[in-house]
Amino acid sequence: MEKCPTFIKKSIQSFILVSLIILLTSIIVYAQVGSVDELIQRVNSLRNSYGVNPYEVDYSLMYVAHAQAEWSAANNHIGHDGPGGNSPNDRALDIGMGMGMAINRS
């Protein structure tokens, strides 16, 4: 079987990326009145239609991210630093996560 030329692979990847951005743009507008779980389900349905594994949800990280978004909105703040200047890594460490895996802080 002949291999697919690189430019065709890149074109397909670009098409999928643009399609995903367009879909996410419409979903994000819809998500303002929908639930987070519904948004994730729709994204995973799209991923499934392209033969891509679904995203796995980590509700601890979602909680931390939501708290950061709420703090940012309440303080008219745009950035990744949070209360007291903490970083995303600081917040991940606070829930026992780090570098993509559970850690022990002792």
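Residues numbered from 1 in each chain as written. Predicted model: local features only at pLDDT ≥ 70, side-chain atom pairs only at ≥ 80, totals over all residues. Heavy atoms only, no water.

J.: Before we go on, may I ask you to explain the overall build of the protein chain in this structure?
T.: Scanning the protein chain from N- to C-terminus turns up 4 helices and 2 strands. Starting at the N terminus, the α and β elements of the protein chain follow one another as α-α-α-α-β-β. The 106 residues of the protein chain split such that 15% are buried. Considering only contacts within the protein chain whose residues lie at least 6 apart along the sequence, 22% involve residues at least 24 apart. A total of about 8,400 Å² of accessible surface is found on the protein chain, and carbon and sulfur atoms cover 61% of it. (Helix = DSSP H or I, 4+ residues; strand = E, 2+ residues; numbered from the N terminus. Buried < 20%, exposed > 50% of the residue type's maximum accessible area, 1.4 Å probe, protein only. Contact = heavy atoms within 4.5 Å. Areas by Shrake-Rupley, 256 points an atom, 1.4 Å probe, with all protein chains shown as cover.)

J.: Before we go on, may I ask you to explain the side chain of Ser-72 in this structure?
T.: Locating Ser-72 in the fold gives a position in helix α3 (residues 59–74). Residues within four places of Ser-72 in sequence aside, it is in contact with His-77 and Gly-79.

J.: I tried to follow unusual backbone geometry on my own but got confused; where do I start?
T.: Most peptide bonds take the trans configuration, and most residues that are not glycine carry a negative phi. One non-glycine residue, Asn-76, lies in the positive phi region at around 50°. By the element assignment, Asn-76 lies in the loop between α3 and α4 (88–94). For Asn-76, a relative accessible area of 74% translates into the label exposed.

J.: Help me understand a nonpolar patch on the surface, please; the structure alone is not making it clear to me.
T.: There is a patch of nonpolar side chains on the surface, built from Phe-7, Ile-8 and Ile-12 and spanning about 300 Å² of accessible area. With respect to the element layout, Ile-12 can be found in helix α1 (residues 6–31). Classification of Ile-12 by relative accessible area gives partly exposed; the value is 45%. (Patch = residues over 30% accessible without salt bridge, like charges linked within 9 Å, V, L, I, M, F, W, Y side chains within 5 Å. Salt bridge = Lys/Arg side-chain N within 4 Å of Asp/Glu carboxyl O.)

J.: Just to check I follow, could you spell out α3 for this structure?
T.: Because each turn of an α-helix spans 3.6 residues, side chains separated by three or four positions end up pointing in the same direction. Here α3 spans 22 Å end to end across 16 residues, near enough to the 22 Å set by a 1.5 Å rise per residue. Taken as a whole, α3 has its buried residues at Val-64, Gln-68 and Ser-72. Along the axis of α3, the buried positions cluster into a sector of 75°, meaning they face one direction only. In α3, those exposed residues whose orientation departs by more than 90 degrees from the buried face are Tyr-59, Tyr-63, Ala-73 and Ala-74. Buried positions along α3 lie against α4. The N-capping residue of α3, defined by a side-chain oxygen 3.0 Å from the backbone nitrogen of Ser-60, is Asp-58. One or two steps after α3, the chain reaches Asn-76, where phi turns positive at roughly 50°. (Expected span 1.5 Å × (residues − 1). Arc of directions from axis to C-beta. Polar contact = N/O pair within 3.5 Å; in protein donor to acceptor, adjacent residues only side chain to side chain.)

These figures come from the coordinates and say nothing about function on their own.
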